[in-house]
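# Observations on the three-dimensional arrangement
Take a look at the letters that make up each chain.
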Amino acid sequence: MAANVLDLDDMMNNNDNFNNEDNQNNNSPAGPSVWIFGYGSLCWYPGFEYDKCITGYVRGYVRRFWQGNTTHRGTLEKPGRVATLVEEKDGITWGCAFQVSGTLALDYLRQRECTLGGYLTDYIKFFPRLASEHSGISGEAFPALVYIATPKNDLWIGEEPIVETARQIAQCRGPSGHNVEYLVRLAVFMREELPGASDEHLFELEGLVRRFVAEANLSIGALLGSTPRRIRRDSHENVRRHVSFEFTSRVPEKRLRCLHI
């Protein structure tokens with residue numbers, strides 16, 4: 001995927017082509033809706049109002065802490081490490097998608113992710129984890145807006161020894177809080193909301209960071225800051241089930257019309 005900056009009209013118009021059946025959202029006073037895929041801090045702290053939040057995954061990418069950060073979880077002198085998506089043929093990245101209406105959330109995310117974070121935007125196919133005949137969520141893949149960092153931005157770190165990444169995370173802090181909070185709360189989201197989902201890079205990093213924090217005689221709890229507001233995800237799900245590709249792999253593979261992604 002070649003990431004590029006999309007303006008608000010492009011985002012809404014492209015998404016409308018795929019969601020014409022969701023008339024109750026597109027005809028609402030708030031305006032058309034768009035889905036946003038979160039795989040980093042958005043999973044536990046979106047920071048904007050949304051209509052729905054569902055868990056699921058994207059294919060062909062893996063989550064890597066290869067993006068530097070100087071505005072949220074680090075400083076110019078000591079950049080933090082935050083997540084981005086890196087293309088990998090058989091990769092799977094789990095996260096959650098937020099449905100939003102109007103432009104307030106997109107304006108907020110443009111500042112948070114693009115202006116301050118160095119991320120670009122594009123659309124990507126999102127596969128919901130669950131489907132329900134009463135929820136309006138069919139289980140079929142649909143396009144979601146994604147914020148992704150590439151080697152072309154000034155904050156790009158790229159691949160480095162994972163021990164070095166862990167040391168940086170254990171030591172960095174920025175205006176939004178400690179870098180440890182970003183990592184640990186993401187790992188907690190994965191364990192609690194997506195039990196059974198695999199992310200070796202994330203969990204190996206978490207283990208190393210917890211070790212370094214302990215060696216420094218610090219408390220993980222003291223680095224986490226205040227507890228964020230609980231996010232109600234998969235509200236159409238009655239019974240929590242473990243992630244199962246027996247279920248999710250039923251989603252038919254097909255090219256999305258218009259975007260061809």
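Notes on the structure in this doc start here. (Residues numbered from 1 in each chain as written. Predicted model: local features only at pLDDT ≥ 70, side-chain atom pairs only at ≥ 80, totals over all residues. Heavy atoms only, no water.)

### Digging into the overall build of the protein
Stated precisely, the cut-off is as follows: Each helix is a run of H or I in the DSSP string that is no shorter than four residues. Each strand is a run of E no shorter than two, and both are numbered from the N terminus. Residue exposure (1.4 Å probe, protein chains only): buried if accessible area is under 20% of the type maximum, exposed if over 50%, otherwise partly exposed. The contact rule is simple, with two residues in contact once any of their heavy atoms fall within 4.5 Å. Method for areas: the Shrake-Rupley scheme with a 1.4 Å probe, in which residue coverage is limited to the protein chains shown.
On a plain count of helices and strands, the protein comes out with eight helices and seven strands. Expressed as a percentage of its 261 residues, the buried residues of the protein come to 55%. Taking all contacts inside the protein whose residues are at least 6 apart in sequence as the whole, residues at least 24 apart take part in 79%. Accessible surface, the protein as shown: approximately 12500 Å² in total, 49% of it carbon and sulfur.

### What about the packing of helix α4 (residues 162-171) against helix α6 (residues 200-215)?
A pair of packed helices can be characterised by two numbers: the angle between their axes and the separation between those axes. Applied cut-off: Here an angle of 0 to 180 degrees is reported between the N-to-C directions of two axes, which are lines fitted to C-alpha atoms, with helices fitted over the stretch in contact. Oblique is the label for any angle not under 35 degrees, not over 145, and not in the 65 to 115 range, which are roughly parallel, roughly antiparallel and roughly perpendicular in turn. The crossing is said to be left-handed when, going from far helix to near helix, the turn is anticlockwise and less than a right angle, and right-handed when the turn is clockwise. In this classification, the charged set is Asp, Glu, Lys and Arg, the nonpolar set is Ala, Val, Leu, Ile, Met, Phe, Trp, Tyr, Cys and Pro, and all remaining amino acids, among them Gly, are polar.
Where α4 contacts α6, the two axes come as close as 9 Å, and the packing angle between them is 55°. When the axes of α4 and α6 are compared, the pair comes out oblique. For the element pair α4 and α6, the recorded crossing hand is right-handed. Between α4 and α6, the contacting residues are Ile-162, Val-163, Thr-165, Ala-166, Arg-167, Ile-169 and Ala-170 on the first element and His-201, Glu-204, Leu-205, Leu-208, Val-209, Phe-212 and Val-213 on the second. Of the residues belonging to the contact of α4 with α6, the class tally is 10 nonpolar, two polar and two charged.

### Re the pairing of strand β2 (residues 52-69)
The criterion, for reference: Here, strands pair whenever DSSP counts at least two bridges between them.
Of all 18 residues making up β2, 16 are buried, and the element is well covered by its neighbours. Note that β2 and strand β3 (residues 80-101) share 15 bridges and pair antiparallel. The partner of Lys-52 across the bridge, within β3, is Gln-99. Sheet topology note: the β2/strand β4 (residues 120-128) ladder contains two bridges and is antiparallel.

### Some words on the packing of α4 against helix α5 (residues 179-193)
It is the contact of α4 with α5, at a shortest axis distance of 6 Å, that shows an interaxial angle of 115°. Here α5 runs roughly perpendicular to α4, going by the angle between their axes. For the pair formed by α4 and α5, the contact residues are Gln-168, Ile-169 and Ala-170 on the first element and Asn-179, Val-180 and Leu-183 on the second. Counted by class, the contact of α4 with α5 contains four nonpolar, two polar and no charged residues.

### Some thoughts on the pattern of salt bridges
Cut-off, in case you're wondering: In what follows, salt bridge is the name for a side-chain nitrogen of Lys or Arg lying within 4 Å of a carboxyl oxygen of Asp or Glu.
Taken as a whole and judged by the stated rule, the model has nine salt bridges. Residue Glu-113 pairs with Arg-112 through a salt bridge whose shortest N-O separation is 3.1 Å. When its relative accessible area of 11% is taken as the criterion, Glu-113 is described as buried. A salt bridge links Arg-185 to Glu-181, with the nearest nitrogen and oxygen atoms 3.0 Å apart. In this pair, Arg-185 and Glu-181 are both assigned in helix α5, four residues apart and thus about one turn of the helix distant.

### Examining the packing of aromatic side chains
To describe a pair of aromatic rings, you give the distance between the ring centres and the angle between the ring planes. Which entries qualify depends on this criterion: Aromatic pairs are defined between Phe, Tyr and Trp rings, using the six-membered ring for Trp, whenever the two ring centres lie within 6.5 Å; interplanar angles under 30 degrees are classed as stacked, those over 60 as edge-to-face, and all others as tilted. Ring-over charges, as used throughout, are those where CZ of Arg or NZ of Lys falls within 6 Å of the ring centre and within 35 degrees of the ring normal.
Considering all chains together, one arrives at 13 aromatic pairs under this definition. Consider the rings of Tyr-57 and Phe-127, whose centres lie 5.1 Å apart with planes at 10°: the pair is stacked. Residue Tyr-57 is found in strand β2, and its partner Phe-127 is found in strand β4; the two are separated by 70 residues along the sequence. For Phe-127, a relative accessible area of 1% translates into the label buried. Joined through ring pairs, the aromatic side chains of Trp-35, Phe-37, Tyr-39, Phe-126 and Phe-142 make up one cluster. Across the ring face of Phe-127, the terminal group of Arg-59 is positioned such that the distance to the ring centre comes to 4.2 Å. Directly above the ring of Trp-44 sits Arg-185, whose terminal nitrogen or CZ lies 5.9 Å from the centroid.

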